[in-house]
Number of protein chains: 2
Amino acid sequence: MSEKAMIDPAMVDRLAEVAVKVGLRLEAGQDLVLTAPTTALPLVRRIVAHAYAAGANVITPILSDEAITLARFENGHDATFDKAADWLYRGMREAFDNNAARLAISGDNPMMLSAQDPAKVARVNRATSAAYKPALEKISGFDINWSIVSYPNPAWAKLVFPDLPEDEAIVALAKAIFAASRVDQPDPVAAWNAHNANLAQKSGWLNGQRFASLHFTGPGTDLMVGLADGHEWHGGASLAKNGITCNPNIPTEEVFTTPHALRVEGYVSATKPLSHNGTLIRDIRVRFEGGRIVEAHAATGEEVLQKVLDIDEGARRLGEVALVPHSSPISASGVLFYNTLFDENAACHIALGQCYSDCFVDGAKLTPEQIKAQGGNSSLIHIDWMIGSGEVDIDGVAADGTRTAVFRRGEWAL
Amino acid sequence: MSEKAMIDPAMVDRLAEVAVKVGLRLEAGQDLVLTAPTTALPLVRRIVAHAYAAGANVITPILSDEAITLARFENGHDATFDKAADWLYRGMREAFDNNAARLAISGDNPMMLSAQDPAKVARVNRATSAAYKPALEKISGFDINWSIVSYPNPAWAKLVFPDLPEDEAIVALAKAIFAASRVDQPDPVAAWNAHNANLAQKSGWLNGQRFASLHFTGPGTDLMVGLADGHEWHGGASLAKNGITCNPNIPTEEVFTTPHALRVEGYVSATKPLSHNGTLIRDIRVRFEGGRIVEAHAATGEEVLQKVLDIDEGARRLGEVALVPHSSPISASGVLFYNTLFDENAACHIALGQCYSDCFVDGAKLTPEQIKAQGGNSSLIHIDWMIGSGEVDIDGVAADGTRTAVFRRGEWAL
Ligand SMILES: [Zn+2]
Ligand SMILES: [Zn+2]
Ligand SMILES: [Zn+2]
Ligand SMILES: [Zn+2]
């Protein structure tokens, strides 16, 4: 007889505590809007308990469900695929206007929609994005404190650990999430405070340097990434406009800023596969001229990659460059999570598409035109892919050409 | 080795079909707002499939969860108990203004809040009722098609079948729900059409009689229930103002109308216990003068009953009187469901609180002032309790005092 492997409830409770006290730093009197898949209910329940204990006003969990999502694609008439629950998203915007915090629990089956008609999936995504935009602006503009944490889903666990039985795969993925989220440490909240201080020291040093470019060199990579005029480095905790310092991503290992959309030159090779809408794109190699990808190849999934690059003009240009040491816990675990939240924290990365407006000095005060003039890219997409490894060096290049070592063999050189 | 008892998925699918095709008669192009406890997910998933197949535009399931609800009472700071998710309820109102249909899946643990502070429970109910009021008006005013169906919950099943192991209790409750909802019949949709025709014949006869009062007599009961001026009897399917004929309750056995808020005299004894927010109120006995409850007792739960009566002025007056034969399938099953949706269909009943504005001739055209002038009651609450049995007789009393037998020994006398 074999006992079924179970996720440790004490660790679930610690992750919930980190989500509320580190991720959101929820303040007494705040409402909380929480989204999660039904498979994450064990974590949702503990988060709600910690959030009410922290003095939450009203918590509204909006639960999604894979079977319900699939029922739409499998049974819906044609008209449904261009519709969204506008009233719900308008309501969320209203909640954020009233200083509600926002927590997303990530943990869907990454292959959920892989058997569905891609045209219908694209139509639903477009309708949902349009309806969600007013609420999302309050999040991406950091008007409020927000965060994302993760919880295992059976299909996700089997994708990451295909050789384990399902129950063991779920427990293995849970352990990997707990370790990456620092809740396996004796005092997770203290560990996060120390980690945030380290990330703040690194981004502070970079902001003091005011490099014009970063020069990445490694196997298959010789890439000069110009940085946007007036760029600002961020990492770890962020001060939202409502005065609350939150950790928008649990986990996070990166310090990141905005590259210049017109000043990227050279070639770069991905160091990890990119999982995009159910397709695994392996061995991406691209060449930039004047900030624009002019040549792109991949060993698998090249067709999907080309489609991504053709979505709009900004999809061929960079919106983010991020530095992550090769010794980061997620990188050290060797686990490929097939989930950007984790995988982008395993290595230095760049992102195609939309830039973050707050990665500029006084970014909150800049108009979209000013952001563009300073080199900020805009696009419907933001897709991160990994270009760091233990063999990559990075130099900071000042406006006068002076070089400073930033990374050597994948680790911070300062 | 014992196989765990399971709910029959084919019957779940039939109940989902009845919910969509009989309960809502959902039309292509309608949005649907659906509320359900997480324990009802197997039914929710099939309802969503049938509703999208019927041409639903966007379905928004809002799932509640017992552990989440309890976490608030167990951890919340004092201020939370007077708050509600106003933005969500405003959004629902907006959805109904745009002709969304409404489906509630009932199946919470009836004792969920029994261990919580009744004062906090009352405060949350008050805040939620106030926030929900604008949306609820669209439902109770029949602006849109709406319905309620039920699904077993483990704790509910153990309350109804305390002597069975949990898995068997759940299956037994599911079978009782399927039978009461007529989905155990060969063609459930046809069975509902026949049943609706029978209820329409009974309410048609009562509307032709135009009684001034109903006189209930039985053990511990001698109650004269004045009927509102211009009252109208309803039963079974209802034509909503959006032109769709829906069955708001699955199951339903009652024909019902609006009593006169000022013209109820005498005493009445409940014939079944009333389960209210986790408290079982047994052997209710009340006395009316001028439509108002002036004396109220109960063998258990009297304190809760008194609190209910003190919620507002309308809580002491009647908003509904309903006739159900003692031989109705739910009564015949002998099962006490501890759930008004079922138990109110086992016996004649009256309701404290809010009346239904559509239970008036041309009710849709009446202002709140006119409804009040005709004797319609208003309140934040609407709580049904059972006063019928095989020993209760009912006379219809005309304006001139003429009496007509309506019920004899619990059965229709016509
Ligand atoms: Zn990043
Ligand atoms: Zn990114
Ligand atoms: Zn009733
Ligand atoms: Zn009622």
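Keep in mind that what you see is a predicted model, and the values were worked out from it rather than measured. (Residues numbered from 1 in each chain as written. Chains lettered and ligands numbered in written order. Predicted model: local features only at pLDDT ≥ 70, side-chain atom pairs only at ≥ 80, totals over all residues. Heavy atoms only, no water.)

Lay out the state of the cysteines in plain terms, naming residues and giving numbers.
Residue and element names in this part refer to chain B. Enumeration over the complete set of coordinates arrives at 0 disulfides over all chains. Here C246 is not cross-linked by a disulfide; its sulfur's nearest cysteine counterpart is in C359, at 13 Å. The exposure class assigned to C246 is buried, which follows from its relative accessible area of 0%. (Disulfide = S-S within 2.5 Å. Buried < 20%, exposed > 50% of the residue type's maximum accessible area, 1.4 Å probe, protein only.)

Outline the coordination of the zinc ion (ligand 3), supporting the account with residue identities and numerical values.
Residue and element names in this part refer to chain B. Distances from the zinc ion (ligand 3) to its protein donors, E254 (OE), E320 (OE), E344 (OE) and H349 (NE2), fall at 1.9 to 2.4 Å. For the zinc ion (ligand 3), the 4 donor atoms in the first shell make angles of 76 to 150 degrees at the metal, so the coordination geometry reads as irregular. Taken as an interatomic distance, the gap from the zinc ion (ligand 3) to the zinc ion (ligand 4) is 3.3 Å; E320 donates to each of them. You can see E254 sitting in the loop between β9 (245-246) and β10 (255-257) and its partner E344 sitting in the loop between α11 (340-343) and β17 (349-353), a full 90 residues away along the chain. Assessed through its relative accessible area of 4%, E254 is described here as buried. (Donors = N, O, S within 2.8 Å, 3.2 Å for Na, K, Ca; no water. Tetrahedral: all angles 85-135°; square planar, octahedral: opposite > 155°, others 65-115°. Helix = DSSP H or I, 4+ residues; strand = E, 2+ residues; numbered from the N terminus.)

I'd like a description of the coordination of the zinc ion (ligand 1), backed by residues and values.
Residue and element names in this part refer to chain A. Protein coordination at the zinc ion (ligand 1) comes from E254 (OE), E320 (OE), E344 (OE) and H349 (NE2), with a distance range of 1.9 to 2.4 Å. A spacing of 3.3 Å is found between the zinc ion (ligand 1) and the zinc ion (ligand 2), which share E320 as a donor. Note that E320 is positioned in strand β16 (residues 318-323) and E344 in the loop between α11 (340-343) and β17 (349-353), a separation of 24 residues in sequence. Of the two residues examined, E320 and E344, each falls in the buried class.

Explain the sheet that holds β17 of chain B to me, and be specific about the residues and the numbers.
Residues and elements named next belong to chain B. Overall, antiparallel pairing links the 5 strands, which are arranged β7-β10-β16-β17-β18 in an open sheet. Two strands in the sheet have a free side with no partner beyond their single neighbour: β7 (234-235) and β18 (382-386). Note that strand β16 (residues 318-323) and β17 share 4 bridges and pair antiparallel. By the bridge assignment for β17, L318 is matched with L352. Each of β7, β10 and β16 touches helix α8 (residues 188-209); the most contacted strand, β10, lies at about 35 degrees to it. (Pairing = 2+ DSSP bridges. Contact = heavy atoms within 4.5 Å. Axes fitted to C-alpha atoms, helices over the stretch in contact; angles between N-to-C directions.)

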